[in-house]
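# Observations on the model geometry
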Amino acid sequence: LMSATGDTQRLARYFGDCPIVHVPGFLHPVTEHYLEDILPAIGGSKGTRVEEDPTPDLELVTDTILHIDASGEPGGILCFLPGWQEIRGVQHQLEERLSNPKSCIILPVHSHIPVSEQRGIFRAPPPGTRKIVLATNVAETSITINDIVHVVDTGCQRQQHYDRTTKVSCLDTVWVSRANVWQRRGRAGRCQPGHVYHLFPRARLQAMEEFQTPEILRSPLDSVLLQAKLHAPDMTVGDFLSKAMNSPEPAAVSEAVRNLQEIGVLDEQEGLTVLGQRLAHISSEPRLAKAIVLACVFRCLSPVLAIVACLTREPFLNSLLNRTEVLQAKSRLAGDTRSDHMAYTRAVSGWKQTLEDHHTRTRFLQDNMLSSSSLRFIHGLIKQFSENVYDAFLVPSAADCTHSEAVCNQYSQQHQLVTGVLLAGLYPNLIQIRRGKVTRDGKFRPKSLVYRTPSGHVLLHRSTVNRNEETFPSRWLTYFTAVKSNGNVFIRDSSMVHPLALLLLTHGQVSITVEGERMVWTLGDQGLVRLETDGETGAALEGLRAAVNRMTETCLSHELPHLTPHLQQQHDH
């Protein structure tokens, strides 16, 4: 383990008092300025920032940068901001207020900006021009910009944590730790003496945590628990994780156990089920891994592998500056499927078909706003997943996973089956679409659409092709990524699914009641899914659901490539 600001003493104790090797480095002198020093210099008041609120005052940030540009020594300025919205806000203010805009070059740095567009931060600006870099915490440790002399530190960052109540990840602006402050300070003294401007008082520095909250304490634990059961099957996951250096709260562990039991991976004694034993071989998030395993059973593997890979790495150009063009391209690929996930599969398959012709490939990438480097990465992920599937005894060879004529891809062209299998993996990630809502001012809008999950109401993010859809042949969507921001839960990807997929493919409790000549199906205990059929149809569906469950269980209990002729015949029918 190597770190300039890690908690080395605690790490050493955890690993049996192992030795610590100190490698001294050289840091040029850095002059520190805190808020109480900065405000008199720029002629400002206390500003709009509330003492306990980490949200940065963008006007104060802009004033500080302009003050440095006007009176500071020559050299680049690196400003740390929590996210893209703040970066764009400061950039716009600077462009409006700089007395000579040509005297400065403003360069944003964000994980969603293509690498090719960020390389300019390393180039020296023309003589007489000052470089201003506006960055998130990606610039704390991963890059060194040689000509940076001034660092402006807002003292905050965007951090993700898991909300167990809503079962979504929340992206909040929080204060950084003192270790982060030290890292940011060091950016100014890498190659020459520098200055750091902390836009918070000295008292706030002392109130900050010494180190950032470990990821295991603010992330969903499902994947960690699955690996724990794989490596220590005879231990409870609580006992296993209690030995971690930062043990999660028992409530968080219990929640993760319930999640894995809910999707059929763990049994009531916390042992791996037949599904869990196969799923443990797949190096992906448990719900996505479940979709891959079920895709082997239902013989639509290749598109599901592409979907899972694309949910790991976005294939489209990840630029915040061309969101409209990217969404238009994604919508074209999705066609009438109303599915981001089908757009992913068509992007990957289309790219593969052009690999032999450079001109055709370049045109395909440009027309569909796709990233060549991301697609190469996705291709590597698909190969990795294919090896995982082979190791799980689900296919006769890894090459079969993407071979169009292989048995595991017999129904890969049936997009409703593909989205149904995806739902089976992601369930209970389900959205019900309703028409008609009451606005805050009490007005009823009959044509407006409302989206509801078992946890409550959600909004569709502008990144999903369904955001602007007005009609849906089915009123059910499934999704993978939900993020909570500013009090709202946003769905970032979605696919419309057929109601029969809900009845036949999902794992979980089903309640069936007879009301006169009608049969009423209720899935789960939240009452979100309630479907009605006539008695004859309902009885047929009930028998079909039982048959599908038996077939799935049988396939998972055997090595799929070596099913007996009798079982193979049952599967085919």
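Throughout this document, residue positions are counted from 1 along each chain, in the order its sequence is written. The predicted origin of the model limits local features to residues at a pLDDT of at least 70 and limits the giving and counting of side-chain atom pairs to 80 or more, whereas totals for whole chains, interfaces and linings rest on all residues. Hydrogens and water molecules were not included; the side-chain quantities draw on all heavy atoms of the structure.

### Quick word on the packing of aromatic side chains
Centres within 6.5 Å are what make two rings of Phe, Tyr or Trp a pair, Trp counting through its six-membered ring; a difference in plane orientation under 30 degrees is then read as stacked, over 60 as edge-to-face, and the rest as tilted. Evaluated as defined, the whole model comprises four aromatic pairs. Measuring from ring centre to ring centre gives 5.2 Å for Y14 and F15, while their planes differ by 85°; the resulting arrangement is edge-to-face. For the exposure calls, accessible area comes from a 1.4 Å probe over protein chains only, and a residue counts as buried if that area is under 20% of its type's maximum, exposed if over 50%, partly exposed in between. Taking the relative accessible area as the measure of exposure, Y14 reaches 40% and is therefore partly exposed. For F15, a relative accessible area of 47% corresponds to the partly exposed category. Sitting over the ring of F377, R313 keeps its end group 4.6 Å from the ring centre. In this scheme, the term charge over a ring applies when either NZ of a lysine or CZ of an arginine sits within 6 Å of the ring centre and within 35 degrees of the ring normal.

### Details of unusual backbone geometry
Most of the time, phi is negative for any residue but glycine, and the peptide bond is trans. The residue after Y427, namely P428, is reached through a cis peptide bond having omega 15°. Helix and strand definitions here come from DSSP, where helices need a minimum of 4 consecutive H or I residues and strands a minimum of 2 consecutive E residues; each element is numbered from the N-terminal end. Among the structural elements, P428 can be located in the loop between α18 (415–426) and β9 (430–438). Of note in the backbone geometry, R338 takes a positive phi value of approximately 55° without being a glycine. For R338, the location among the structural elements is in the loop between α14 (323–334) and α15 (340–353). Residue F393 is not a glycine yet carries a positive backbone phi of 60°. Using a relative accessible area of 46% as the deciding quantity, one classes F393 as partly exposed.

### Concerning the packing of helix α12 (residues 286–297) against helix α13 (residues 301–312)
For any two helices packed against each other, the geometry comes down to the angle between their axes and how far apart the axes lie. Axis definition: a line fitted to C-alpha atoms, over the contacting stretch in the case of helices. Angles run 0 to 180 degrees between N-to-C directions. Where α12 contacts α13, the axes come no closer than 8 Å and their chain directions differ by 170°. As summarised for this structure, α12 and α13 are arranged roughly antiparallel, according to the angle between their axes. Residues L288, A291, I292, A295 and C296 of α12 lie in contact with α13, whose contacting residues are L301, V304, L305, V308 and L311. Orientation categories follow fixed angle ranges, with anything under 35 degrees roughly parallel, anything over 145 roughly antiparallel, 65 to 115 roughly perpendicular, and all other angles oblique. The contact rule is simple, with two residues in contact once any of their heavy atoms fall within 4.5 Å.

### Topic: the sheet that holds strand β3 (residues 104–109)
Taken in spatial order, the six strands of this open sheet run β1-β8-β5-β2-β4-β3, and their pairing is parallel. The outermost strands of the open sheet, each flanked by one partner alone, are β1 (30–33) and β3. Mean inter-strand twist for the sheet, computed between neighbouring axes without regard to direction, equals 15°. Any two strands are treated as partners once DSSP identifies two or more bridges connecting them. As defined by bridge partners, strand β5 (residues 148–153) adjoins strand β8 (residues 194–198) across four bridges and the pair is classed as parallel. Residue pairing in the sheet places D153 in a bridge with H198 of β8. Running over the sheet, helix α6 (residues 178–186) touches β1, β2 (76–80), β5 and β8 and is turned about 155° from β5.

### Quick look at the sheet that holds strand β17 (residues 518–523)
Read across the open sheet, the three strands follow the order β16-β17-β18; overall the sheet is antiparallel. Each having just a single partner strand, β16 (510–515) and β18 (529–534) make up the two edges of the open sheet. Between one strand axis and the next, the sheet turns by 20° as a mean value, whatever way the strands run. Of the strand pairs in this sheet, β16 and β17 are connected by six bridges, and their pairing is antiparallel. Within the sheet, the bridge partner assigned to E515 lies in β17 and is R518.

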